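# Residue-level structure breakdown
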Amino acid sequence: MDLRSDTVTKPTAEMRKAIAEAEVGDDVYGEDPTVNRLEELAAEMFGKEAALFVASGTMGNQVSIMAHTQRGDEVILEADSHIFWYEAGAMAVLSGVMPHPIKGRNGAMDPDEVRRAIRPKDIHFPRTSLISIENTHNRSGGRVVPIENFKAIYEIAKEHGINVHVDGARIFNAAIASNVSVKEYAKYADSLMFCLSKGLCAPVGSIVVGSKQFIERARKARKILGGGMRQAGVLAAAGIVALTKMVDRLKQDHENAKFLALKLREIGYMVNPEEVETNMVILRTDNLRVDAHQLLKTMKERGVLAVAFSDSSIRLVTHNDVSRSDILRALDVFEKLFKEFRL
Ligand SMILES: *Cc1c(COP(=O)(O)O)cnc(C)c1O
């Protein structure tokens with residue numbers, strides 16, 4: 001049972017067929033019909049003028065940052081965001097910009113704090129040119145950042161002539177859990193990145209959406225990063241299946257995560273099912289004799305994989321390749337482990 005991440009999902013049979021039959025061309029010349037179709041579809045779904053297919057979520061975030069900023073600028077982002085934690089310092093390396101992290105609540109930054117973090121015009125200060133919001137918020141356990149928070153931050157950004165980027169790697173999970181469309185979230189974003197390769201099961205790829213002008217700059221940034229791909233239609237074909245067939249089923253992942261959380265709490269684990277809004281469960285190890293790393297090691301020996309979020313917490317993610325019966329089998333393992341490890 002691989003509960004490490006929704007990135008482990010394998011392409012579906014329908015994707016493999018679409019890949020085999022994909023019409024392709026050279027995408028750097030703009031001539032791959034399948035990539036073009038995927039980009040048009042994505043732009044349409046998000047209510048934006050244009051879209052760009054990129055190799056990964058990290059590349060999508062970084063081409064966006066590169067397109068929005070100049071060297072020496074500052075980017076306001078959440079202190080536990082993926083861009084700050086998990087992208088190997090890319091914004092500094094590639095765009096020469098600094099992060100200005102703000103600690104959020106369940107992944108949502110306080111708009112007043114964002115306002116205060118914007119640098120006034122002064123020869124000493126970097127220029128604040130971008131604010132980034134992450135939804136769903138990974139390190140807070142897949143929490144949904146509410147649309148009201150998007151609106152408030154976007155309004156502040158526009159008052160100051162600043163752009164807003166959304167790291168929406170799992171924006172479809174947010175949309176389903178909150179019953180707010182991805183189009184509505186995208187209204188309050190100058191750019192938005194989402195992943196095809198996570199819960200949506202495509203083997204590779206993410207998309208950035210935004211205005212025509214922005215996407216033109218992002219396309220150039222993608223070329224700089226070596227992300228101009230040729231017959232990428234074989235990948236885009238799976239992306240089209242992801243967007244047209246795999247979105248609605250995310251609901252099942254959310255139900256499975258909720259079920260898993262409720263059962264883990266019944267066993268005695270420190271889990272808060274009320275905090276499970278999408279496809280992630282955070283389990284704390286404070287009431288066990290072992291820390292997160294030792295727990296993971298024993299889980300692995302018994303066939304259940306997860307990842308550590310700290311020395312005292314692990315993350316479990318539900319997805320298309322774990323069924324309800326897999327979850328039940330994982331729960332059997334958890335039940336035995338609790339008896340062995342409880343304090
Ligand atoms: C996974 C993820 C990314 C990056 O995606 P990769 O395809 O792994 O580079 C960015 N942001 C968030 C919130 C993510 O969960």
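Residues numbered from 1 in each chain as written. Predicted model: local features only at pLDDT ≥ 70, side-chain atom pairs only at ≥ 80, totals over all residues. Heavy atoms only, no water.

The name that an unreviewed UniProt entry assigns to the chain is Threonine aldolase, with the source organism given as Pseudothermotoga hypogea DSM 11164 = NBRC 106472. Looking at the chain in UniProt, the text filed under Cofactor (unreviewed entry) is "pyridoxal 5'-phosphate". (UniProt positions renumbered as here; feature names shortened; annotations may be inferred.)

### Some thoughts on the pairing of strand β7 (residues 206-210)
Along any regular strand the residues' side chains alternate between the sheet's two faces. Within β7, five of the five residues are buried, leaving the element largely enclosed by the surrounding structure. Judged by which residues are buried, β7 turns out to be covered on both faces: Ser-206, Val-208 and Gly-210 on one side and Ile-207 and Val-209 on the other are all buried. Pairing geometry for strand β1 (residues 50-54) and β7, over five bridges, is antiparallel. The partner of Phe-53 across the bridge, within β7, is Ile-207. In this sheet, β7 lies alongside strand β6 (residues 191-195) in antiparallel orientation, the contact comprising five bridges. Residue pairing in the sheet places Met-193 in a bridge with Val-208 of β7. (Buried < 20%, exposed > 50% of the residue type's maximum accessible area, 1.4 Å probe, protein only. Helix = DSSP H or I, 4+ residues; strand = E, 2+ residues; numbered from the N terminus. Pairing = 2+ DSSP bridges.)

### Quick notes on a nonpolar patch on the surface
Residues Phe-84, Trp-85 and Tyr-86 make up a contiguous nonpolar surface patch of about 300 Å² in total accessible area. Of note, Tyr-86 is situated in the loop between α4 (82-85) and α5 (90-95). (Patch = residues over 30% accessible without salt bridge, like charges linked within 9 Å, V, L, I, M, F, W, Y side chains within 5 Å. Areas by Shrake-Rupley, 256 points an atom, 1.4 Å probe, with all protein chains shown as cover. Salt bridge = Lys/Arg side-chain N within 4 Å of Asp/Glu carboxyl O.)

### Comments concerning the site of the ligand
Taken together, 13 residues sit near the ligand, with Gly-57, Thr-58, Asp-167, Arg-170 and Lys-198 positioned nearest. Taking Gly-57, its main chain carries an N or O atom lying 2.8 Å from an oxygen atom of the ligand. Between the ligand and the protein, one listed contact pairs an oxygen atom with a side-chain N or O atom of Thr-58 at 2.6 Å. When the ligand is considered free in solution it has 380 Å² of accessible area, and contact with the protein chains removes 84% of it. If you list the elements that add at least two residues to the shell around the ligand, you get α3 (57-68) and β6. The dominant element in the shell around the ligand, judged by the number of residues it contributes, is α3, at three residues. (Near = heavy atom within 4 Å. Polar contact = N/O pair within 3.5 Å; in protein donor to acceptor, adjacent residues only side chain to side chain.)

### Observations regarding the nonpolar core
Judged by nonpolar contacts, the single largest core of 56 residues is most densely connected at Phe-46, Phe-53, Ile-171, Phe-172, Phe-194, Leu-196 and Ile-207. Element by element, the count of residues in this core is highest for helix α11 (residues 233-245), at six residues. If we skip the residues at most four places from it in the chain, Phe-194 touches Ala-42, Phe-46, Gly-168, Ala-169, Ile-171, Phe-172, Ser-206, Ile-207, Val-209 and Leu-243. Core analysis: the second largest hydrophobic core is formed by 30 residues, Leu-3, Ala-306, Leu-316 and Ile-327 among them. (Core = buried A, V, L, I, M, F, W, Y, C linked by side-chain atoms within 4.5 Å. Contact = heavy atoms within 4.5 Å.)

### With respect to unusual backbone geometry
For the bond running from Asn-135 to Thr-136, omega is -5 degrees, close enough to zero to count as cis. The residue Thr-136 is located in the loop between β4 (128-134) and α7 (147-159) in this model. Residues other than glycine seldom take positive phi values, yet Asn-106 does so here, at roughly 50 degrees. Position of Asn-106 among the secondary structure elements: in the loop between β3 (98-102) and α6 (111-117). Non-glycine residue Asn-179 carries a positive phi angle of around 60 degrees.

### Some details on the environment of Asn-138
Relative to the assigned elements, Asn-138 resides in the loop between β4 and α7. Distance in space between the C-alpha atoms of Asn-138 and Phe-334 is 23 Å, their sequence separation being 196 residues. Here Asn-138 is in contact with His-82, Tyr-86, Arg-170, Met-280, Phe-309 and Arg-315, once residues within four sequence places are set aside.

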